[in-house]
Structures are given as C-alpha cells and as structure tokens.
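Structural description and commentary
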Amino acid sequence: MAFAPAVWLAAQAELFEDDEEAEANNFPEPQKNYLGDYNDDTLFERFRLTRPCISFITDCVRLRMKATLQQMNGPSVDEMVIVALDYYVNGILSTKVVDMIQMEQMEIHEIINNVSKVLSGMVREFITFPANGEERANVAHEIKKICGIPTSMGLVGCMHVKVRPPQHDKDAFRNTMDNHTVMTQVICDCEGNLMSVENCCVGSTPEQTIWDMSDIAQQLKHGAHGTHWIIAGKGYALSRHLLTTVSPAKEKADRRFNAAHGMIHSVLQRTITLVKRRFRCLANLGHVQQNSLDKKAEIIKACCVLHNIAKKFSVPALNDTVLETMHPAENHQVPVVEVPSYAEKSRAAIIGIYFSHSSGTDGVSD
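Right, let's walk through the structure included here. Everything numeric here is computed off the predicted structure, so don't read it as measured data. Along each chain, numbering runs from 1 in the same order as the chain's sequence is written. Per-residue local features are limited, in this predicted model, to residues with pLDDT of at least 70; the limit for side-chain atom pairs, both in listing and counting, is 80 or more; totals at the level of whole chains, interfaces and linings are taken over all residues. Remark: hydrogens and water are excluded; side-chain values derive from all non-hydrogen atoms of the structure.

**Describing the side chain of His 261**
Formally: A run of DSSP states H or I qualifies as a helix once it reaches four residues; a run of E qualifies as a strand once it reaches two. Both are numbered from the N-terminal end. Contacts are assigned to residue pairs with any non-hydrogen atoms lying within 4.5 Å of each other.
Take His 261: it is sitting in helix 13 (residues 252–278). Setting aside its immediate chain neighbours within four residues, His 261 contacts Ile 149, Ile 231, Ala 232, Leu 243, Thr 244 and Thr 245.

**Looking at the environment of Phe 173**
Going by this rule: To sort residues, take the accessible area from a 1.4 Å probe on protein chains only and compare it with the maximum for the residue type: under 20% means buried, over 50% means exposed, and anything in between is partly exposed.
Note on placement: Phe 173 falls in helix 10 (residues 170–173). Take Phe 173: its relative accessible area is 0%, and that puts it in the buried class.

**Re the packing of aromatic side chains**
To be explicit about the condition: Two rings from Phe, Tyr or Trp (for Trp, the six-membered ring) form a pair when their centres are within 6.5 Å of each other. A pair whose planes differ by under 30 degrees is stacked, one over 60 is edge-to-face, and the rest are tilted.
The full count for this structure, using the stated rule, is five aromatic pairs. Considering the side-chain rings of Tyr 38 and Phe 47, the 5.6 Å spacing of their centres and the 80° angle between planes classify their relative orientation as edge-to-face. A single burial state applies to Tyr 38 and to Phe 47, both of which are buried. When the ring of Phe 257 is compared with that of Phe 355, the centres are 5.6 Å apart and the planes differ by 80°; the resulting orientation is edge-to-face.

**Quick notes on helix 15 (residues 341–354)**
Short version of the rule: Each helix should span, by expectation, one fewer than its residue count multiplied by 1.5 Å. The arc refers to the directions leading from the helix axis to the C-beta atoms.
With 14 residues, helix 15 should reach 20 Å at 1.5 Å per residue; the first-to-last C-alpha distance of 20 Å fits that figure. Considered for burial, the residues of helix 15 that qualify are Ala 343, Arg 347, Ile 350 and Ile 351. Projection of helix 15 onto a plane perpendicular to its axis shows the buried side chains occupying an angular sector of 95°, all on one side. Opposite the packed face of helix 15, turned more than 90 degrees from it, sit the exposed residues Lys 345 and Ile 353.

**Some thoughts on the sheet that holds strand 3 (residues 194–202)**
Defined as follows: At least two DSSP bridges between two strands are required for those strands to pair. Axis definition: a line fitted to C-alpha atoms, limited for helices to the stretch in contact. Angles are taken between N-to-C directions and run from 0 to 180 degrees.
Pairing within the open sheet is mixed, and its five strands lie in the order 3-2-1-4-5. Of all the strands in the sheet, the pair left with one neighbour each is strand 3 and strand 5 (242–243). As defined by bridge partners, strand 1 (residues 152–162) adjoins strand 4 (residues 229–232) across three bridges and the pair is classed as parallel. The partner of Val 156 across the bridge, within strand 4, is Ala 232. Packed onto the sheet, helix 9 (residues 133–147) meets strand 1 and strand 4 and runs at close to 80° relative to strand 1. Packing against the sheet, helix 14 (residues 294–312) makes contact with strand 1, strand 2 (181–188) and strand 3, and its axis sits at approximately 165° to strand 3.

**Some details on the side chain of Gln 208**
When you line up the elements, Gln 208 lands in helix 11 (residues 207–212). Judged by relative accessible area, which is 19%, Gln 208 ranks as buried. Gln 208 has contacts with Gly 235, Tyr 236, Ala 237 and Leu 242, leaving out every residue within four places of it along the chain.

**Considerations on the packing of helix 3 (residues 51–64) against helix 14**
Under the convention used in this document: Orientation is classified from the angle alone, with under 35 degrees giving roughly parallel, over 145 giving roughly antiparallel, 65 to 115 giving roughly perpendicular, and any other angle giving oblique. Two helices that cross are described as forming a left-handed crossing if the nearer one is turned anticlockwise from the farther one by less than a right angle, and a right-handed crossing if clockwise. Residues were grouped as follows: Ala, Val, Leu, Ile, Met, Phe, Trp, Tyr, Cys and Pro as nonpolar; Asp, Glu, Lys and Arg as charged; and all remaining residues, including Gly, as polar.
With their axes 10 Å apart at the nearest point, helix 3 and helix 14 run at an angle of 135° to one another. In terms of axis orientation, helix 3 runs oblique to helix 14. You can see that helix 3 and helix 14 cross each other, and the crossing is right-handed. Of the residues in helix 14, those touching helix 3 at Cys 53, Phe 56 and Ile 57 are Leu 306, Ile 309 and Ala 310. Broken down by class, the residue content of the contact of helix 3 with helix 14 amounts to six nonpolar, no polar and no charged.

**Topic: unusual backbone geometry**
Here the amide bond leading from Ser 247 into Pro 248 is cis, since omega sits at -5°, within 30 degrees of zero. Its location among the elements puts Pro 248 in the loop between strand 5 and helix 13. Omega for the bond connecting His 327 with Pro 328 falls within 30 degrees of zero, at -5°, which places this linkage in the cis form. With respect to the secondary-structure elements, Pro 328 resides in the loop between helix 14 and helix 15. For Ser 314, which is not a glycine, the phi torsion comes out positive at approximately 55°. Examined against the element boundaries, Ser 314 turns out to sit in the loop between helix 14 and helix 15. Classification of Ser 314 by relative accessible area gives exposed; the value is 62%.

**Structural notes on the environment of Val 336**
In this fold, Val 336 is placed in the loop between helix 14 and helix 15. The exposure class assigned to Val 336 is exposed, which follows from its relative accessible area of 82%. Between the C-alpha atom of Val 336 and that of Tyr 236, which follows or precedes it by 100 residues, the distance is 10.0 Å.

Here it is in structure tokens:
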C-alpha cells in the first residue's frame, strides 16, 4: 500500500495545471488559510490529524471537485474539508469552526454529505487489496511472523456503528448485543491498514451473509486472489477462503492454533477501535431509514479512507485501552452450516504442520 508519494506527486502536478486554468478563467480559489489559525499541537488536538496529512486530504478532494460551478461559486474546498473533518473527528460541529466558516446549518450538512461522497469515492485508490502474488506473499509472511499461521492475507470482520432507527424498524437494526447499528465489512492486514471496505447493512444481518454477497468473496471464489486464507471470527463459517477457529478444541494443537488465531484477529479489533476513536462521528450516525443507508455508508467509507491516509502519513495513534467489542456477542448462537470437507482437511493440515508442537509458533503455548 505504498500509494502516498505517487498519489501526492500526481496531485501536485494536476493541481498546478488546475491553478493555471482557474486563473485563466478568472475563477480563483479563495486563499484564506484556515489551518493557520492553529499551531501544530492545537491542530492535532482539534482534528486528530497532522498538518501535512490534512493538506494532502484537501488537495485530493480539490482534484475530485475541480472545475465545478459549485466549487467556484460556493464555499472553497479548504472550507469544505475543514467542516467535514470537524464533524468526522468530533461527532458534532464545533462553535469555533462554525464561527470561522460562517455558514448556515443546512449548508454545513450539505457540505459534509458532499465531502463524504467525494472521499468515499476514493476507496479504490486508498483502500487496496493485494494486487498480485508478490504482494499477497508479503502480507502472508508478516501475518505468519506474528502468529505462525501461514498463507493468510488478511483479517475480516464487521464494524458496527450505532444509529437511531424509526420505531417500526428497530428490530432490523438490532445487533447481537442489543444495540441499533449499521454494519460494514472490513478487511485489514496485520499492520492495521484497511484493504477492503464494503456492504453497509442493518445491524441484524449475519456476518456470513454479508461475506457471501461481498465483492471480495466473489473475487476469491473465482480465483482472483489465489489460494490464500482470510482469517475470520466466529460469525463466519470455515470455507475454502475463510479460516476460523476449531470448536470444540479438544487437542492441544487445536488450542494452540486457536490462540494464534485469536492473537492475530485482535489486530482487526484494534484497527476498528482506532478508526472509531479517531473519527468520533462513528459513535452514533444519528437517524436512519432501512432503505436509505447510502449517506451513512459514505461517511463510514470516508472515515476508512482517512484512516489509511493517516497511516501513510504516520499520524500518531490515539491512546485508548478500551477496545471495541467484536460481534457476534459471546452468547449469540451462530447458525450451523455444512463445512466443506476440503476446508476442514486444509485447516487440519495447517494445525498438523505448524501447531502440533509447542514450538510451532512464537509466543503461543498450551
């Protein structure tokens, strides 16, 4: 995922051309530097991102919104990005930013929706799955170094975001922990970089159902990503590409494997925690209708794009020891499905080769 330098150079080159074109057409972008009102420490405290990172995000949004009358006659891109970031990281619009930008409430909400749509449209550029055998092997190698499980190229689970549904629709949004949420499937690598984000659904949807209808599952089914595994939690069924724990784990080797599985899958838990703590709008996205999840999905994807950009700019992680609880809930009964025999044999082979002895994986014991 070494996209940042290349994208940055391309952005700067195109922006230079756009600035010349805008000047020639007498449509100059307002030049007020809103970030100049903050020193670096205050800026990070306010927006939870660094100055270079915010500048890069602004330039990327500007490229996507270039040459539009809405941009030229309405708020500047700098204003729009500041408003959107203020909402993403705080969950509310701060008085200081509202006073500084001087916009009406309705206009501000429209800006947040517009910026979210632009950022969510950058998923293909900033949230990327390993594109070839070498990249898959590199991801698998890093995962194996941590937990001992071989040939795995990612960790999958669902991020739940609380919402306020209408009274007649509450059961559809009720998840296994009795909260009303929308849920989005995410896949990350062992460093917490998001590699796939898709399918915003109501909170009652089973994880396996979301997986089955996801684009990445269909790609794997048709051989687009080789024979690697995706490490999955208890809401999923063991299959050709989903690697789950052994239940019940009667043998020591099975327990060692399960411990290694839990160790690496906790990376996904920490990643989801970081995304939701950095972008506090994801604590609750407010009122929602079952048949209109698009705007909520765009906000979630926008925050995921920003997470990956922040990772590439080495933005410091937030200190938060309270991890998000992974779904489904401990007492939730996952539907029993028929597991293909070849999947069981493949998992058994991994356990037999790598976990039959206590030295089979570093840091994992009986």
